[in-house]
Amino acid sequence: MARAGITVDRLVEAAAELADEAGFEQVTLSALARRFGVKDASLYSHVRNLNELRHRLALLAGGEMIERIATAVAGRSGKDALAAYADAYRAYALAHPGRYAATQIRVDPALVDPGNPAMRRTVEITYGMLRGYGLHEPDLTDAVRLLRATFHGYCALEAGGGFNAPRDVRASWDRAVDALHIALDHWPREETDRHA
């Protein structure tokens, strides 16, 4: 591929493909230079360094993931919305393991446009779904952290072959979502705890 054909967007997309094929940690500028048939140095006119490339990859993957989640939860509320959110999250994590791994890094704030539609969309969809449970801050933040920790932990264990019991993995996932619904529906609101 000719050097003139390289753009930041094409470079990030190639990094995303490489991440899914070989793993997020295998995304290097050298590996991408080989894909494009150029020398490593020529990529530095598009990104400052590997760190910037990986952060751009994280933003791309996060945007893709939230769009799938948004489509899944559209028109749903309560437990239906939670289950749709969870299933879309899990499907993306398992179908795109390298991209999903990128979503777990802390992104450099300098690379994030405060008006970034994917970032706004993530907050809108996630917090909107949780407001259906009557949650407000600081409970919203706590609930988001619970969901993220549960979904990520489950997906990481499943992808790594960490579930060896004969119980169907999908059945356990569905029960975990049921349990989260019950927890959210009976959330111990911080305001109540302070006045107890």
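Residues numbered from 1 in each chain as written. Predicted model: local features only at pLDDT ≥ 70, side-chain atom pairs only at ≥ 80, totals over all residues. Heavy atoms only, no water.

Honestly, the confidence of the model for the protein chain in this entry has me stumped. Any pointers?
Where the model shows low pLDDT, its predicted coordinates should not be examined in detail. In this model, the protein chain carries a mean pLDDT of 91, and residues with pLDDT of at least 70 account for 94%. Ignoring residues within four places in sequence, the model shows residues 192–196, a span with pLDDT below 50, making one contact including any to other chains. (pLDDT = per-residue confidence, 0-100. Contact = heavy atoms within 4.5 Å.)

I'm lost on helix 8 (residues 169–185) in this one. Help?
Helical geometry note: an α-helix holds 3.6 residues per turn, so side chains three or four residues apart project in the same direction. Between the first and last C-alpha of helix 8 there are 24 Å, a value that for 17 residues agrees with the 24 Å anticipated at 1.5 Å per step. All of the buried residues along helix 8 are Trp 173, Val 177, Leu 180, His 181 and Leu 184. Along the long axis of helix 8, the arc covered by the buried residues comes to 105°, so they all point the same way. When the buried face of helix 8 is taken as reference, the exposed residues oriented beyond 90 degrees from it are Arg 175 and Ile 182. Of the surrounding secondary structure, the elements contacted by the buried residues of helix 8 are helix 4 (78–95), helix 6 (117–131) and helix 7 (139–159). Capping of helix 8 at its N-terminal end is provided by Asp 168; its side-chain oxygen lies 3.3 Å from the backbone amide nitrogen of Arg 170. (Helix = DSSP H or I, 4+ residues; strand = E, 2+ residues; numbered from the N terminus. Expected span 1.5 Å × (residues − 1). Buried < 20%, exposed > 50% of the residue type's maximum accessible area, 1.4 Å probe, protein only. Arc of directions from axis to C-beta. Polar contact = N/O pair within 3.5 Å; in protein donor to acceptor, adjacent residues only side chain to side chain.)

I would appreciate a short explanation of the pattern of salt bridges in the present structure.
For side chains of opposite charge, pairing can occur when their charged atoms come near one another. Counted under the stated rule, the structure contains 14 salt bridges. In this structure, the salt-bridge partner of Arg 35 is Glu 17, at a minimum N-O distance of 3.9 Å. Here Arg 35, found in helix 2 (residues 29–36), pairs with Glu 17, found in helix 1 (residues 8–22); they are 18 residues apart in sequence, far enough to count as distant. With relative accessibility at 35%, the residue Arg 35 sits in the partly exposed group. Classification of Glu 17 by relative accessible area gives partly exposed; the value is 36%. With a closest N to O distance of 2.8 Å, Glu 52 and Arg 56 form a salt bridge. Of the two residues, Glu 52 and Arg 56 are both situated in helix 3 (residues 50–73); the distance of four residues between them amounts to about one turn of the helix. Here Arg 56 falls in the partly exposed class, since its relative accessible area comes to 30%. Through salt bridges that share partners, Glu 13, Asp 20, Glu 64 and Arg 99 make up one connected network. (Salt bridge = Lys/Arg side-chain N within 4 Å of Asp/Glu carboxyl O.)

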